[in-house]
Amino acid sequence: MAEIKAGLIIFVLTLVSLVLIPLQWLAVKFKLPMRKHLPHLWHRIATRLVGIKISQIGAPASDRPLLITANHASWVDITVIGALMPLSFIAKSEVSGWPIFGLFAKLQRTVFVNRTRRSETAQVADAIAGRMAEGDAMVLFAEGTSNDGNCVLPFRSALLGAATRAVGDGDTGDVWVQPLSVAYQGFYGLPMGRAHRPHVAWYGDMELAGHLWGIFSRGALDVVVRWGEPVLVDGSTDRKALTRQLEADVRAMTVASLMQKPVESQEISDLEPFGFFSNAEKTAKAGA
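Here the residue index of a chain counts from 1 through its sequence in written order. The model is predicted, so local features are restricted to residues of pLDDT at least 70 and side-chain atom pairs to those at 80 or more, both for listing and for counting; the totals for chains, interfaces and linings are taken over all residues. Processing note: side-chain calculations cover all non-hydrogen atoms of the structure and skip hydrogens and water entirely.

1. Some remarks on the pairing of strand 5 (residues 137-141)
Throughout this description, buried means an accessible area under 20% of the type-specific maximum (1.4 Å probe, protein chains only), exposed means over 50%, and partly exposed covers the range between. We count a stretch as a helix when DSSP gives it H or I for four or more residues in a row; a strand needs E for two or more, and each element gets its number in order from the N terminus. When you tally the buried positions in strand 5, you get five out of five residues, the bulk of the element. Side-chain alternation along strand 5 places Ala137, Val139 and Phe141 on one buried face and Met138 and Leu140 on a second face that is also buried. When DSSP finds two or more bridges between two strands, those strands count as paired. Pairing analysis gives five bridges linking strand 2 (residues 66-70) to strand 5, with the strands arranged parallel. Note that in strand 5 the partner of Thr69 across the bridge is Leu140. Relative to strand 5, strand 3 (residues 88-92) is paired through three bridges, and the arrangement is parallel. Within the sheet, the bridge partner assigned to Ser88 lies in strand 5 and is Met138.

2. Description of the packing of aromatic side chains
Two rings from Phe, Tyr or Trp (for Trp, the six-membered ring) form a pair when their centres are within 6.5 Å of each other. A pair whose planes differ by under 30 degrees is stacked, one over 60 is edge-to-face, and the rest are tilted. By the definition in use, this model includes five aromatic pairs. Relative to Phe101, the ring of Trp75 lies with its centre 5.8 Å away and its plane at 85°, an arrangement referred to as edge-to-face. Remark: Phe101 occurs in helix 4 (residues 101-107) and Trp75 occurs in the loop between strand 2 and helix 3 (76-82); sequence separation between them is 26 residues. Ring-pair connections join several aromatic residues into one group, and the members of that group are Trp75, Trp98, Phe101 and Trp202. Directly above the ring of Phe30 sits Lys29, whose terminal nitrogen or CZ lies 6.0 Å from the centroid. Whether a charge sits over a ring comes down to the Lys NZ or Arg CZ being within 6 Å of the ring centre and within 35 degrees of the ring normal.

3. Notes on the packing of helix 1 (residues 2-29) against helix 7 (residues 208-218)
Following both chains from N to C, one finds helix 1 and helix 7 inclined at 105°, their axes separated by 7 Å at the closest point. One way to sum up the angle between helix 1 and helix 7 is to call them roughly perpendicular. Residue-level inspection shows Ala2, Glu3, Lys5, Ala6, Gly7, Ile9, Ile10 and Leu13 of helix 1 in contact with helix 7, the latter providing Trp213, Phe216, Ser217 and Arg218. In this classification, the charged set is Asp, Glu, Lys and Arg, the nonpolar set is Ala, Val, Leu, Ile, Met, Phe, Trp, Tyr, Cys and Pro, and all remaining amino acids, among them Gly, are polar. Looking at the contact of helix 1 with helix 7 residue by residue, the classes come out as seven nonpolar, two polar and three charged. Note on geometry: axes are C-alpha line fits, over the in-contact stretch for helices, and angles between N-to-C directions span 0 to 180 degrees. In this scheme, roughly parallel covers angles under 35 degrees and roughly antiparallel covers those over 145, while 65 to 115 is roughly perpendicular and the rest are oblique. Pairs of residues are marked as contacts when any of their non-hydrogen atoms sit within 4.5 Å.

4. Side note on the pairing of strand 3
The buried fraction of strand 3 is high, at four of five residues. The crossover handedness rule: strands pointing away from the viewer, path from first strand over the helix to second strand clockwise, crossover right-handed. Crossover handedness for the path strand 3 to helix 4 to strand 4 (residues 111-113): right-handed.

5. Structural notes on the environment of Ile54
The residue Ile54 is located in strand 1 (residues 53-57) in this model. Separated by 27 residues in the primary sequence, Ile54 and Ile81 have C-alpha atoms spaced 9.5 Å apart. Contact partners of Ile54, with chain neighbours within four places excluded, come to Thr47, Val80, Ala83, Leu84, Val223 and Val225.

6. Structural notes on the pattern of salt bridges
For this analysis, a salt bridge means a side-chain nitrogen from Lys or Arg found within 4 Å of a carboxyl oxygen belonging to Asp or Glu. Counted according to the given criterion, the structure contains four salt bridges. Between Lys36 and Asp136 there is a salt bridge; the shortest N-O distance is 3.2 Å. Here Lys36 is found in the loop between helix 1 and helix 2 (38-50), whereas its partner Asp136 is found in the loop between helix 5 (121-133) and strand 5, with 100 residues between them in sequence. On the basis of relative accessibility, which here comes to 27%, the residue Lys36 falls in the partly exposed class. Between Arg251 and Glu247 there is a salt bridge; the shortest N-O distance is 3.1 Å. Here Arg251 pairs with Glu247, and both are found in helix 8 (residues 239-259), just four residues apart, close to one helical turn.

7. Digging into the side chain of Ser181
Considering the arrangement of structural elements, one finds Ser181 in strand 6 (residues 175-187). Classification of Ser181 by relative accessible area gives buried; the value is 0%. Engagement of the side chain of Ser181 in a polar contact is seen with the side chain of Thr254, the distance being 2.9 Å. Non-local contacts of Ser181, meaning those with residues more than four positions away in its chain, are made with Asn71, Val224, Val225, Arg226, Val250, Met253 and Thr254. Whenever a nitrogen or oxygen atom comes within 3.5 Å of another N or O atom, the pair is scored as a polar contact, on the condition that within protein one atom can donate a hydrogen and the other can accept it, and that pairs from neighbouring residues in sequence are kept only if both atoms are in side chains.

Here you go:
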């Protein structure tokens, strides 16, 4: 039954994609307004087909420009966040060359970052700032990599410079940075423990194809998305201090979601990665 379900999901998503991809390509090429909304539609369809139930606590800031800083456990994060509202992502340059995923990322107007060339950081930050100035909400996975979903890794401050660069543009005005937490809380309606976490988290040396099949065949995930308080950034904002505060906010929200408790504020100085469970080994395959 699980294999039949996965096959049906892939079949329907393929049909949907064959319709939306040409439309999105034209929308991007001719800069049509619907270029921001078609990817959002695709993600909403995908989450419903797979059976991903999203509980949203708080709300995204309505003000623009907006940079969203989120934790990162899996490629599923992209579909979950993409289903919330029209937005674009900031991703490592390798993603642009991935089969299927690379095409989808380009059509969602992702800004790609080459992490091996630090000399390009300023150019990328300027590109992100430009998109934000145009009104696009941009999502940055501030840890710089995915993890096992049981912790929040230290945030990297380099690309948060996009917010302060946008402030430097006299026509941009106020810039907002908002923390976002994504936590996988349930599996088939039951609390998700360490044993089921590898079915969702995609990290280490996991195989993408196997992980995709595992999500499509098992699905039925309960995801809690928490929006933190947006931070107004101005020209005097200390980028590293801002990074530490956003990391503390995301970690506190993630702890609250996984432990199903109220959010407790964390001291900015208390920023060591916190593991809710101990994963001594990284699972090689999603289905394991």
